[in-house]
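Read off the chains here:
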Amino acid sequence: CGGSVTVSWLTFHDTSSLAHSARIDGILAARRRAGLDETGLLLELPSRWLGSMARSSTGQRCVTVNQGNHWFEFASLFGCVVHAELFILQEPPCAHFLAR
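Peer 1: Tell me about the overall build of the chain, and please be specific about residues and values.
Peer 2: Secondary structure summary: the chain contains 3 helices and 4 strands in total. Going from the N terminus to the C terminus, the chain shows its helices and strands as α-β-α-β-α-β-β. Of all 100 residues assigned to the chain, the portion counted as buried reaches 21%. Nonlocal contacts in the chain, meaning residues at least 24 apart in sequence, comprise 50% of its contacts between residues at least 6 apart. Counting only carbon and sulfur atoms, one obtains 57% of the accessible surface of the chain, whose full area is about 7,700 Å².

Peer 1: Hey, could you go over the nonpolar core for me, with residue numbers and the actual values?
Peer 2: Counting residues in hydrophobic clusters, the biggest one holds 14 residues, and the most contacted among them are Leu50, Ala84, Leu86 and Phe97. Listed by contribution, the elements that provide at least two residues to this core are helix H3 (70-76), strand S3 (84-89) and strand S4 (94-99). With sequence-adjacent residues up to four places away left out, Ala84 is seen in contact with Val63, Thr64, Val65, Phe72, Phe97, Leu98 and Ala99.

Peer 1: Pulling in residues and values, what's your account of the layout of surface pockets?
Peer 2: Roughly 430 Å³ of internal volume is contained in the largest pocket. If you trace the largest pocket, you find 15 residues lining it, with Leu28, Glu38, Gly40, Leu41 and Phe78 closest to the centre. The leading source of residues in the lining of the largest pocket is helix H1 (residues 18-33), at 4 residues. Split by residue class, the lining of the largest pocket holds 9 nonpolar, 3 polar and 3 charged.

Peer 1: Can you tell me about the sheet that holds strand S2 (residues 61-64), naming the residues and giving the values?
Peer 2: Spatially, the 4 strands line up as an open sheet ordered S1-S4-S3-S2, and their pairing is antiparallel. Each having just a single partner strand, strand S1 (41-46) and S2 make up the two edges of the open sheet. For this sheet, the mean inter-axis angle between neighbouring strands, taken without regard to orientation, is 20 degrees. Of the strand pairs in this sheet, S1 and S4 are connected by 6 bridges, and their pairing is antiparallel. Looking at the pairing, Leu41 lines up with Ala99 of S4.

Peer 1: Go over H1 with me, naming the residues and quoting the values.
Peer 2: The terminal C-alpha atoms of H1 lie 22 Å apart, and with 16 residues this matches the ideal 22 Å at 1.5 Å per residue to within 8%. Looking one or two residues past H1, Gly35 carries a phi angle of roughly 80 degrees, positive in sign.

Peer 1: Hey, could you go over the environment of Cys62 for me, with residue numbers and the actual values?
Peer 2: Mapped onto the elements, Cys62 comes out in strand S2. Separated by 26 residues in the primary sequence, Cys62 and Ile88 have C-alpha atoms spaced 6.2 Å apart. With residues up to four places along the chain from it excluded, the contact list for Cys62 reads Glu85, Leu86 and Phe87.

Reading the values: the criteria
Residues numbered from 1 in each chain as written. Predicted model: local features only at pLDDT ≥ 70, side-chain atom pairs only at ≥ 80, totals over all residues. Heavy atoms only, no water. Helix = DSSP H or I, 4+ residues; strand = E, 2+ residues; numbered from the N terminus. Buried < 20%, exposed > 50% of the residue type's maximum accessible area, 1.4 Å probe, protein only. Contact = heavy atoms within 4.5 Å. Areas by Shrake-Rupley, 256 points an atom, 1.4 Å probe, with all protein chains shown as cover. Core = buried A, V, L, I, M, F, W, Y, C linked by side-chain atoms within 4.5 Å. 1 Å grid on protein atoms, 1.4 Å probe; cavity = no way out; pocket = protein on both sides within 12 Å on 5 of 7 lines; lining within 4 Å. Points joined across faces, edges and corners; volume = space filled by probe spheres on them. Nonpolar A, V, L, I, M, F, W, Y, C, P; charged D, E, K, R; others polar. Pairing = 2+ DSSP bridges. Axes fitted to C-alpha atoms, helices over the stretch in contact; angles between N-to-C directions. Expected span 1.5 Å × (residues − 1).

Given below as structure tokens:
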């Protein structure tokens, strides 16, 4: 593009704001009332966030993470963790973090 770029800003969500927290609390409360309890979370993470764990993997790899692991403790911020796994991919270079 010859060194020039045009960017259009569409939206921004400050996920640390009180307004965002209240909005999400309302959404989750409505889902609970409808019998749709949340039982897990799935995040796509850049592989560089995994450090040596990502570098030592070849191909696709699944790793169970246990209490004491950074990602297990992160998921614990949202409630009791029953099971947590990282699915490390080479192409694209990322990982899927699944916690129940």
